[in-house]
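Structural characterization, general
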Amino acid sequence: MRYIRYAFLGVLAIVLVAIALANRSMVELKLLPPDIATLLEFQQSLNLPLFLVFFGGIVAGLLIGFVWEWLREHKHRAAASERKAEVRKLERELKKTQAERDKDKDEVLAILDQSA
């Protein structure tokens, strides 16, 4: 399985390098459309190779998706945390109850009861 993963990553790297080499031409990215830029008298632009625009879009999409999913699953993590705290509380109560029940018993019998 490890070799399949390495083979997949190798093929992916070759494809990404091929895309980068095929799209080396420079493009100008502008912050605002020309009409709005003239209205606000503000325009920011940046010259980048086209493959960086592609890869930047992919990375930005992945990051937005991961954050969105993390926020969406918050309620499930909170519920699991509450249940975990409740289980710990109930386990402490059980040990306390067992200790009170076994305080007058012989130590060997108390140990046998706890293991069962």
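If you're wondering where the values come from, they're calculated on a predicted model, not measured in any experiment.

1. Digging into the packing of aromatic side chains
- According to the stated counting rule, one finds 1 aromatic pair in the structure shown.
- Directly above the aromatic system of Y3 lies the positively charged group of R2, at a separation of 5.9 Å from the ring centroid.

2. Looking at the confidence of the model for the chain
- Of the residues in the chain, 91% have a pLDDT of 70 or more, and the chain-wide mean is 89.
- Helix 5 (residues 107-115) is the least confidently modelled element of the chain, averaging 68 in pLDDT, while helix 3 (residues 50-72) averages 94, the highest of any element.

3. Topic: a positive patch on the surface
- A surface patch of positive charge is lined by K84, R88, K89 and R92.
- Within the secondary structure, K84 is located in helix 4 (residues 74-101).

4. Comments concerning the environment of G61
- Tracing the sequence through the fold places G61 in helix 3.
- Along the primary structure G61 and N23 are separated by 38 residues, whereas in three dimensions their C-alpha atoms are 20 Å apart.

5. Examining unusual backbone geometry
- Non-glycine residue E41 carries a positive phi angle of around 55°.
- Structurally, E41 is set in the loop between helix 2 (34-40) and strand 2 (45-49).
- Classification of E41 by relative accessible area gives exposed; the value is 73%.

6. Regarding the pattern of salt bridges
- Considering all chains together, one arrives at 1 salt bridge under this definition.
- Put simply, E69 and R72 hold a salt bridge, and the shortest N to O gap is 2.5 Å. With E69 and R72 both in helix 3 and 3 residues apart, this pair spans about one turn of that helix.
- Residue classification places E69 among the partly exposed residues on the basis of a relative accessible area of 29%.
- Exposure remark for R72: the relative accessible area of 45% places this residue in the partly exposed category.

7. Some thoughts on the side chain of N23
- Relative to the elements of secondary structure, N23 occurs in the loop between helix 1 (2-22) and strand 1 (26-30).
- Non-local contacts of N23, meaning those with residues more than four positions away in its chain, are made with P49, L50, F51 and F54.

8. Topic: the packing of helix 1 against helix 3
- Their axes nearest at 7 Å, the elements helix 1 and helix 3 cross at an angle of 135°. Taken together, the axis directions place helix 1 and helix 3 in an arrangement best described as oblique. Contact with helix 1, carried on its side by L16, I19 and A20, involves F51, F54 and F55 of helix 3 and no other residues of that element.
- Of the residues assigned to the contact of helix 1 with helix 3, the class counts are 6 nonpolar, no polar and no charged.

So, how was this worked out
- Within any chain, residue numbers begin from 1 and follow the written order of that chain's sequence.
- The predicted origin of the model limits local features to residues at a pLDDT of at least 70 and limits the giving and counting of side-chain atom pairs to 80 or more, whereas totals for whole chains, interfaces and linings rest on all residues.
- Excluded from the side-chain calculations are hydrogens and water; all other atoms, namely the structure's heavy atoms, are used.
- The aromatic pairing rule takes the rings of Phe, Tyr and Trp, using the six-membered ring of Trp, and pairs them if the centres are within 6.5 Å, calling planes under 30 degrees apart stacked, those over 60 edge-to-face and the rest tilted.
- Our definition puts a charge over a ring when NZ of Lys or CZ of Arg is within 6 Å of the ring centre and also within 35 degrees of the ring normal.
- Per-residue confidence from the prediction method is given by pLDDT, with values spanning 0 to 100.
- Helix and strand definitions here come from DSSP, where helices need a minimum of 4 consecutive H or I residues and strands a minimum of 2 consecutive E residues; each element is numbered from the N-terminal end.
- What makes a patch is a set of residues exposed beyond 30% relative accessible area and free of salt bridges, joined within 9 Å when like-charged and within 5 Å when nonpolar (Val, Leu, Ile, Met, Phe, Trp, Tyr).
- Computed with the Shrake-Rupley method and a 1.4 Å probe, the accessible areas treat only the protein chains shown as cover for residues.
- Each salt bridge in this description consists of a side-chain nitrogen of Lys or Arg and a carboxyl oxygen of Asp or Glu lying within 4 Å of one another.
- Neither His nor the chain ends is counted toward charge; the positive residues are Lys and Arg and the negative residues Asp and Glu.
- To locate a charge, take atom NZ for lysine, CZ for arginine, CG for aspartate or CD for glutamate.
- Each residue gets one of three labels from its accessible area relative to the maximum for its type: buried under 20%, exposed over 50%, partly exposed in between, using a 1.4 Å probe on protein chains only.
- It only takes one pair of heavy atoms within 4.5 Å for two residues to be counted as in contact.
- Note on method: axes are straight lines fitted to C-alpha atoms, helices fitted across the in-contact stretch only, with angles between N-to-C directions ranging 0 to 180 degrees.
- Oblique is the label for every angle not falling under 35 degrees (roughly parallel), over 145 degrees (roughly antiparallel), or within 65 to 115 degrees (roughly perpendicular).
- Residue type decides the class: Asp, Glu, Lys and Arg count as charged, Ala, Val, Leu, Ile, Met, Phe, Trp, Tyr, Cys and Pro as nonpolar, and the leftover types, Gly among them, as polar.

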